[in-house]
Every structure is written in C-alpha cells, then in structure tokens.
Amino acid sequence: MEGMEGHVDKFRRESGKLWSDMELQAMAALHYLGRETNAKSLAQAIEVLCKSQVNSFNRLDEDVGQTGLFLNPTLAMVNHSCTPNGFVQFVGRRAVLHAYREIKKDEEIEISYIDCNLHLSYRQEALKARYHFTCNCPRCKDDMDIYQVCRGYPHLRLNHLSLAPDIQKPQHPQGPDSSIAKSLSAIIEEIYSWCSTSLSGLSPPEKQKQLRQRWSACKLLRDSCAYAIEPLPHVLAEASMYFGEQNKFTHSLCISSFIATQVEPYKTPAPFAPQRIKGVFIVAKLLANTAPADLGSADNPKNDLLVSNKSLVGRISAALGKIDQATMCQVLLEMVVYYAAAAHSKEWAIFNEAWDLLGDIEALQGRELEDAHVKAFMRNPNGAAERRFFDQAVVGPLQELSAFCFDVMDSEFGS
Ligand SMILES: C[S@@+](CC[C@H](N)C(=O)[O-])C[C@H]1O[C@@H](n2cnc3c(N)ncnc32)[C@H](O)[C@@H]1O
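Note that the coordinates shown come from a computational prediction; the quantities given were computed from them, not determined experimentally. (Residues numbered from 1 in each chain as written. Predicted model: local features only at pLDDT ≥ 70, side-chain atom pairs only at ≥ 80, totals over all residues.)

1. A few points about the overall build of the protein chain
Each helix and strand in the protein chain was counted, giving 19 helices and 6 strands. Put simply, the protein chain has 415 residues, and 33% of those count as buried. Taking contacts inside the protein chain between residues at least 6 apart in sequence as the whole, the part at least 24 apart equals 63%. (Helix = DSSP H or I, 4+ residues; strand = E, 2+ residues; numbered from the N terminus. Buried ≥ 20, exposed ≤ 12 C-beta atoms within 10 Å, placed from the backbone. Contact = placed C-beta atoms within 7 Å.)

2. A look at the site of the ligand
Neighbouring the ligand are 15 residues; E5, N79, H80, Y131 and F133 lie closest to it. Put simply, the parts of the chain that give the shell around the ligand at least two residues each are α3 (39–55) and β3 (79–80). Its residues assigned to classes, the shell around the ligand shows 7 nonpolar, 7 polar and 1 charged. (Near = placed C-beta within 6 Å. Nonpolar A, V, L, I, M, F, W, Y, C, P; charged D, E, K, R; others polar.)

3. Focus on helix α12 (residues 274–289)
Compared with an ideal rise of 1.5 Å per residue, which puts 16 residues at 22 Å, α12 spans 22 Å between its outermost C-alpha atoms and is within 8% of the ideal. Buried within α12 are the following residues: R276, I277, G279, V280, F281, I282, V283, A284, K285, L286 and L287. Looking at the packing, one finds that the buried side of α12 touches α11 (249–267), α15 (325–343) and α16 (349–362). (Expected span 1.5 Å × (residues − 1).)

4. Structural notes on the nonpolar core
If you look at the biggest cluster of nonpolar residues, it comprises 67 residues, and the most contacted ones within it are A284, L332 and V336. Look past the residues within four positions of A284 in its chain and what remains in contact with it is C329, L332, L333, V336 and L357. Counting 7 residues, the second-largest nonpolar core is a separate cluster that includes A26, A45, I46 and V54. (Core = buried A, V, L, I, M, F, W, Y, C linked by C-beta atoms within 7 Å.)

5. Quick notes on the pairing of strand β4 (residues 86–91)
The pairing of β4 with strand β5 (residues 94–99) spans 6 bridges and is classified as antiparallel. The partner of Q89 across the bridge, within β5, is V96. (Pairing = 2+ DSSP bridges.)

6. So, the packing of helix α8 (residues 204–217) against helix α19 (residues 405–413)
Running from N to C, α8 and α19 cross one another at 125°; their axes reach a closest spacing of 9 Å. Classified by the angle their axes make, α8 and α19 are oblique. By crossing handedness, the relation of α8 to α19 is classed as left-handed. Contacts between α8 and α19 involve Q208, L211, R212 and W215 from the first element and M409, E412 and F413 from the second. Here the residues of the contact of α8 with α19 are counted per class, giving 4 nonpolar, 1 polar and 2 charged. (Axes fitted to C-alpha atoms, helices over the stretch in contact; angles between N-to-C directions. Parallel < 35°, antiparallel > 145°, perpendicular 65-115°, else oblique. Left-handed = near helix turned anticlockwise from the far one by under 90°.)

7. Some points on α16
Between the first and last C-alpha of α16 there are 20 Å, a value that for 14 residues agrees with the 20 Å anticipated at 1.5 Å per step. Within α16 the residues assigned to the buried category are F351, A354, L357 and I361. The arc that holds every buried residue of α16, seen down its axis, measures 135°, which confines them to one face. In α16, the exposed residues that point more than 90 degrees away from the buried face are A349, D356 and G359. Taken together, the buried residues of α16 touch α12 and α15. (Arc of directions from axis to C-beta.)

8. Some details on the packing of α11 against α12
Remark: α11 packs on α12, axes separated minimally by 9 Å, with the N-to-C direction vectors making an angle of 155°. Here α11 lies roughly antiparallel to α12, going by the angle between them. As α11 runs across α12, the sense of the crossing is left-handed. For the pair α11 and α12, contact is made by F249, S252, L253, S256, S257, I259, A260 and E264 and by Q275, R276, G279, V280, I282, V283, L286, L287 and N289, respectively. When the residues that make up the contact of α11 with α12 are grouped by side-chain class, the tally is 9 nonpolar, 6 polar and 2 charged.

9. A word on unusual backbone geometry
Unusually for a residue other than glycine, H132 sits at a positive phi of about 60°. Structurally, H132 can be placed in the loop between α4 (120–131) and α5 (138–141). Unlike most non-glycine residues, N247 shows phi in positive territory, near 60°. With respect to the helices and strands, N247 occurs in the loop between α10 (232–245) and α11.

10. A look at the environment of F272
By the element assignment, F272 lies in the loop between α11 and α12. For F272 and A341, which are 69 residues apart along the polypeptide, the C-alpha to C-alpha distance reads 8.7 Å. Setting aside residues no more than four positions away along its own chain, F272 makes contact with I277, Y339, A342 and A343.

11. Observations regarding the confidence of the model for the protein chain
Here the protein chain averages 83 in pLDDT, while 81% of its residues score no lower than 70. Here residues 147–176 scores under 50 on pLDDT; set against residues more than four positions off or in separate chains, the count is 49 contacts. Low confidence marks residues 294–306, where pLDDT is under 50. Its contacts with residues over four positions away, or in another chain, come to 19 contacts. Two numbers describe this predicted complex: its pTM, 0.79, and its ipTM, 0.99. (pLDDT = per-residue confidence, 0-100.)

12. Things to note about the environment of V235
Mapped onto the elements of the fold, V235 is located in helix α10. Among the residues examined, V235 registers 26 C-beta atoms within 10 Å and is labelled buried. Sequence-wise, V235 and W215 are 20 residues apart; in three dimensions their C-alpha atoms are separated by 6.8 Å.

This is the structure:
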C-alpha cells in the first residue's frame, strides 16, 4: 500500500464526522490486533484507512447489498472519468476490468468511481467526499451533461444489436439549446434529492402518491425529450416496479420498453453494459408474463386488458395482439445471453435465468420457422434480411409498446 494515494490531510481537514469515525476505527483495529496505541501507530492505522477509502472498490452482492471493500494495487491505479472507457465488475471474489470500447495503445484506461449518470454537481460532491478531487473530464468541464445524454455519445458507433440504431453524431455541435439547458439544470438540482429516495417499504397508495409528485416534477425533462436525465429514468423504473407489484405487467412492459430504447442507450452507450442487459432482460421477462395464454380471450378476459379498443388497456392489448411475443422474447434473450459474458460472466444470475427461459421458448412446438429466423439473425445480425427481421420482430414492436409509456404514466400518476 506504500505508493497508494491516501489524502490523509484532506480527510483530516474536510471530512468532519467521517474523520472522527476513522480515528475510532483505527483505535479499534489496533486494539483488535493487540498492538500498542500511540501517536505513531494511530497515524499509520489512519493512513491505511484513508488509502482503503480512496483506492478500494465497494464490492456489491445482488442479494445482500454491499458486502465489503476490494483493494487491488493494480486496479487502484486506474483514474476516474465521467465518460469512462472501462468498468470493473465483480465475479465471485474476482474483479474484472472490462473495456466499454476499443482502447488504443498508450490511451489511458479510465473507469467511473461513482454513478456517472448523476447530475454534475452530485458527481462532483461524491468525488470530493471520498476521493478529494474535482473532475475535469470533458463532460464536467463544459457541463456537457444535457448535450450528451440527450443526444447520445458521438464517439461510440453502436452495432445493430444495440436496440438504439438511431444514435448518431449530434446535429448541433455547439451544444443543446442553452435556455432549455439552463432551466433543466435548475430543476434537476431541485428535484433530484427527493426523487432519488427509494420507494421500497411504502404501501401501494403511498407509492402512488409519491409517484404522482415525482412524475409531475419531471414534466420539463419529459417535455424537452431529456429522457435519460435523472431523476426521470429513476421515476420510470420505480413506476415499472409499481405496476409489476400490482400484476399490471402490460403497463410495466410499456414503461420498460421505453427505458430499454429511449433511456438506457443514452445513459450507457455500450450495448453490453450490465444495466443495458438487465433492462433488455426485464422486457423479455415481461413479454413472457404477458404472453397470450395469460391474457385470456376477448370473451373471457383474464385481466383488465381486453376492455375496449379505445381505452388505453384496449389499445395496448391490440398492439400486443399484433406482436409475435415468443419470437420477440427469444431474440431479446439471445441478446442477453450474447452480451452477458462481456457485461459480467457466465456466472451472472441474469445469464442463467435468460439461458433457462430461452430453453423453454426453444422447446415450444410449431415455431420452427421463427426459431430459424432468430438463429439466422444471431449468426449474422448485420445481414440485410436479418436486419429487416430484427426491425420487424423487435425494434418496431418495442417502439410501438414504448409509445404507450407516457399514457400509462399519466393514467396512474397524472394530475
Ligand atoms: C484510486 S486512485 C487512482 C490512482 C492515483 N492517480 C495514483 O496515482 O495513485 C484515486 C485518486 O487518483 C486521483 N484521481 C483519479 N482520477 C482523477 C481525475 N480524473 N482527476 C484528478 N485526479 C484523479 C485522485 O487523487 C483520487 O483520489
């Protein structure tokens, strides 16, 4: 740990209660180790604690949340950027450094130490508190957030499997309309803190009340088509979970389709990024949950879908009726399986679930032709016929479903 950055003086000067906690922790550690506590040993122990704050990774466990800190001298050398070209993923006890894109010889490898979809001031605050530096990456320096997340990242060409075939170079190199950008910055500051609190633990009526307020607060983001800017993505994700808990899977499906096509590709451009793959998997699972066998028939609807063609549920139902859900679900699961190893590994729970679900779909009788189309597409996703198949079987239906997203939100959370 000798050569690692510790920022001990900055922690002492700037960290307030955290510093007193660290002093206490250092004394406890010395006592536990049976070492004498004196000024020198205490200073050494505090230095170790500071170094582990600055250089370690929070190791997360999907089931129990954070399980510990991971410290590795090589990985500790990687600097931060809010437009990183790599990320670290834990696979059991191993940490794996993945690249988001091709990294040239001598180009610096950079990861994001924080959730880089936070708004500029929140990112700076988080970096200052733990790492004691002000980020000066191009995105922070020019306050490029709104420009970048609205229009996608120009430096990445996404392939056809990305679900975001329309991401391209921004048409306005000078940046977004500055008046919109200014008013957006002001409201994001105001609403982010109360919008980012999790709703889990609240009763359904309380959740609905909260989501009403949050959805209404996101109006400017929504009207400006700034769909990838927090807290809008967060509110949509909470709403999708809310509907899922009420067994309104079709509503969740419309919102999740919107997130997978209009939000995530702009937040995280690499198509194999773990959060992108999770989003695609959620859509696939919801498609399986809303498959025709579960919908009943027009004469005997099992749920509230088939009401009237003019009602929202009727329109969603009509749209779903035109979709070959099994084929669409199969392609999305193939994408999850295809990208899971790059996003994480074959040990990933999502990979295994997708693999099992894919087996179930492939075992369905009478789908030989559709199955052959899916396999052909996965072999050659950029072939002309295969692209047409993908557009028809996946992109078109996803866009159609996501077009209901705001109506679904307004129907439950509108004023
Ligand atoms: C995990 S260490 C990274 C390796 C460190 N640069 C070194 O040489 O030991 C984290 C520290 O590196 C510095 N750092 C990382 N990314 C930075 C950036 N984008 N701009 C300025 N300093 C950065 C900060 O001092 C931070 O506390």
